[in-house]
Amino acid sequence: MVTLAEVAHHAGVSASTVSYVLSGKRSISASTKDRVERSIRELGYHPNAGARALASSRSNIIALMVPLRTDMYVPVMMEIAIAVATTARTHGYDVLLLTGEEGPEAVRRIEGSALADAMILMDVELHDERLPLIRETDRPAVLIGLPADPTGLTCVDLDFVATGAQCVEHLFGLGHREIAVIGEAPAVYERHTGFAERTLDGLRTRAGELGVRVLHRPCEGTYDALAATLARIFDERPGTTGFVVQNESAVEPLLSLLRRQGRAIPEDVSVIAICPDQVATQASVRLTSVAIPAQEMGRQAVERVVAKLRGQDVDEVALLVPELTVRASSGPGPAKG
């Protein structure tokens with residue numbers, strides 16, 4: 001492992017000069033700085049986080065708070081986390097992953113230590129208990145998600161209200177007038193998780209404007225849970241011909257159960273999913289879907305938090321425009337006999 005002293009010897013300067021170049025605490029001539037930086041590159045020197053923190057009062061670490069709950073689709077969360085980590089590295093930052101359900105305590109832990117220079121929060125609830133602390137801290141923070149009141153916060157998210165509306169508009173345009181929404185697990189709505197609540201709000205509002213009847217049923221996503229939910233839907237609304245699925249785990253059980261009931265897709269029923277493209281394209285029926293732009297959400301969150309670290313002004317809310325891709329699972333509503 002290359003040491004600071006070896007860099008100093010290679011560059012022909014003192015160890016303190018190398019330290020000043022790294023920390024930026026003192027003005028160093030351009031030629032000396034170039035020589036030191038060239039030696040750092042050639043020797044492959046990487047100052048450890050503790051030394052960086054002592055030298056510059058910064059850790060060059062971004063804390064990513066991503067509670068890994070059993071009722072959430074973990075692959076999407078991890079895709080966002082990977083995008084955060086890879087983008088952070090391009091700016092010279094590492095990522096500290098906090099996966100526990102600590103809520104405000106995790107924010108306090110970061111705020112009361114030198115563990116990280118900034119925070120990115122995921123799994124944001126409409127009335128998230130972490131937000132009062134985020135508003136009070138001087139440490140830069142960005143939310144991947146949108147709370148009920150984003151005042152004073154920097155947020156990046158898919159426009160889930162527009163997503164819900166887009167799903168209804170597509171089915172309405174095909175002639176469907178009765179739609180069922182297979183939602184996330186009940187606990188997601190009990191926590192008032194932002195993305196799920198906003199999708200439902202957009203869907204119901206647009207359906208009301210278009211005169212479409214909507215039935216929403218949360219579901220755990222297992223085969224047995226889906227069987228019970230589907231039976232209830234057709235019992236309560238036998239004329240249902242369109243489904244919107246916002247629960248990746250429920251996709252294959254739903255398609256299987258519809259086949260077993262003799263309901264052809266898309267001839268008898270149409271299905272739209274709000275999910276990653278990989279889930280939509282690898283399903284047993286290629287699904288019409290609105291993609292979750294996980295990588296872009298992670299990338300934009302890092303770009304904004306780095307800009308804040310540099311003292312730049314950052315837009316408070318950035319909502320990504322949803323894109324609906326038509327595939328094999330949506331078609332004209334059945335003709336009325």
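Residues numbered from 1 in each chain as written. Predicted model: local features only at pLDDT ≥ 70, side-chain atom pairs only at ≥ 80, totals over all residues. Heavy atoms only, no water.

Colleague: Hey, could you run me through the pairing of strand E10 (residues 288-291) in this one?
Modeller: For a regular strand, the rule is simple: side chains alternate between the two faces of the sheet. Of the pairings in the sheet, the one linking strand E9 (residues 270-275) to E10 comprises 4 bridges and is parallel in character. If you follow isoleucine 274 over to E10, its bridge partner there is valine 290. One ladder, built from 2 bridges, connects E10 with strand E12 (residues 324-325); its direction is antiparallel. Following the sheet pairing, serine 289 is matched in E12 by threonine 325. (Pairing = 2+ DSSP bridges. Helix = DSSP H or I, 4+ residues; strand = E, 2+ residues; numbered from the N terminus.)

Colleague: Looking at this structure, how should I read the packing of aromatic side chains?
Modeller: When we look at a pair of aromatic rings, we describe it by the centre distance and by the angle of the planes. Under the criterion given, the structure shown has 2 aromatic pairs. When the ring of phenylalanine 160 is compared with that of phenylalanine 195, the centres are 5.7 Å apart and the planes differ by 50°; the resulting orientation is tilted. Of this pair, phenylalanine 160 sits in helix H8 (residues 160-173) while phenylalanine 195 is found in helix H10 (residues 194-210), placing the two residues 35 residues apart along the sequence. Look at phenylalanine 234 and phenylalanine 243: their rings are 5.8 Å apart centre to centre, the planes differ by 75°, and that puts the pair in the edge-to-face class. (Phe/Tyr/Trp six-rings, centres within 6.5 Å; stacked < 30°, edge-to-face > 60°.)

Colleague: Help me understand the layout of surface pockets, please; the structure alone is not making it clear to me.
Modeller: Over the atoms rolls a probe the size of a water molecule, and its path tells where empty space is left. Counted as a void, the second largest pocket has a volume near 220 Å³. As for the second largest pocket, its lining consists of 15 residues, and the residues nearest its centre are Arg69, Glu101, Glu102, Gly103 and Arg130. Taken together, the residues of the lining of the second largest pocket break down into 5 nonpolar, 2 polar and 8 charged. (1 Å grid on protein atoms, 1.4 Å probe; cavity = no way out; pocket = protein on both sides within 12 Å on 5 of 7 lines; lining within 4 Å. Points joined across faces, edges and corners; volume = space filled by probe spheres on them. Nonpolar A, V, L, I, M, F, W, Y, C, P; charged D, E, K, R; others polar.)

Colleague: Where do I start with the environment of arginine 41 in this structure?
Modeller: Among the structural elements, arginine 41 can be located in helix H3 (residues 30-43). Since its relative accessible area comes to 60%, arginine 41 is described here as exposed. (Buried < 20%, exposed > 50% of the residue type's maximum accessible area, 1.4 Å probe, protein only.)

Colleague: Explain the sheet that holds E12 here, please?
Modeller: Sheet strands pair by backbone hydrogen bonding; their relative direction is either parallel or antiparallel. The mixed open sheet is built from 6 strands, whose spatial order is E7-E6-E8-E9-E10-E12. Both edges of this open sheet fall to strand E7 (213-218) and E12, since each of them pairs with a single strand only. Taken strand by strand, helix H11 (residues 223-236) contacts strand E6 (178-183), E7 and strand E8 (242-245), and its axis lies near 155° from that of E7. The sheet strands contacting helix H12 (residues 251-260) are E6, E8 and E9, and the helix crosses E8 at an angle near 160°. (Contact = heavy atoms within 4.5 Å. Axes fitted to C-alpha atoms, helices over the stretch in contact; angles between N-to-C directions.)

Colleague: Help me understand the nonpolar core, please; the structure alone is not making it clear to me.
Modeller: Most often, soluble globular proteins keep nonpolar side chains buried together rather than apart. The biggest cluster of nonpolar side chains holds 46 residues, and the ones touching the most others in it are Ile80, Ile120, Ile144 and Val244. With 7 residues, the single largest contributor to this core is helix H14 (residues 294-309). Not counting residues up to four positions away in its chain, the partners in contact with isoleucine 120 are Ile62, Ala63, Leu64, Met65, Val84, Val142, Ile144, Ala301, Val302 and Val305. Ranked by size, the runner-up nonpolar core spans 27 residues in total, among them Leu230, Val245, Ala250 and Val285. (Core = buried A, V, L, I, M, F, W, Y, C linked by side-chain atoms within 4.5 Å.)

Colleague: Help me understand the sheet that holds strand E3 (residues 118-121), please; the structure alone is not making it clear to me.
Modeller: What the 6 strands build is an open sheet, ordered E2-E1-E3-E4-E5-E11; its pairing is parallel. On the outer flanks of this sheet lie strand E2 (94-98) and strand E11 (317-320), each paired with one strand and no other. Taking the axes of each pair of neighbouring strands and ignoring which way they run, one obtains an average angle of 20° across the sheet. Sheet topology places strand E1 (residues 61-65) next to E2; 5 bridges connect them, and they run parallel. Bridging from a neighbouring strand, alanine 63 pairs with leucine 96 of E2. Seen against the sheet, helix H5 (residues 74-90) touches E1, E2, E3 and strand E4 (141-144) and runs at an angle of roughly 155° to E2.

Remember, this is a structural readout, not a statement about activity or role.
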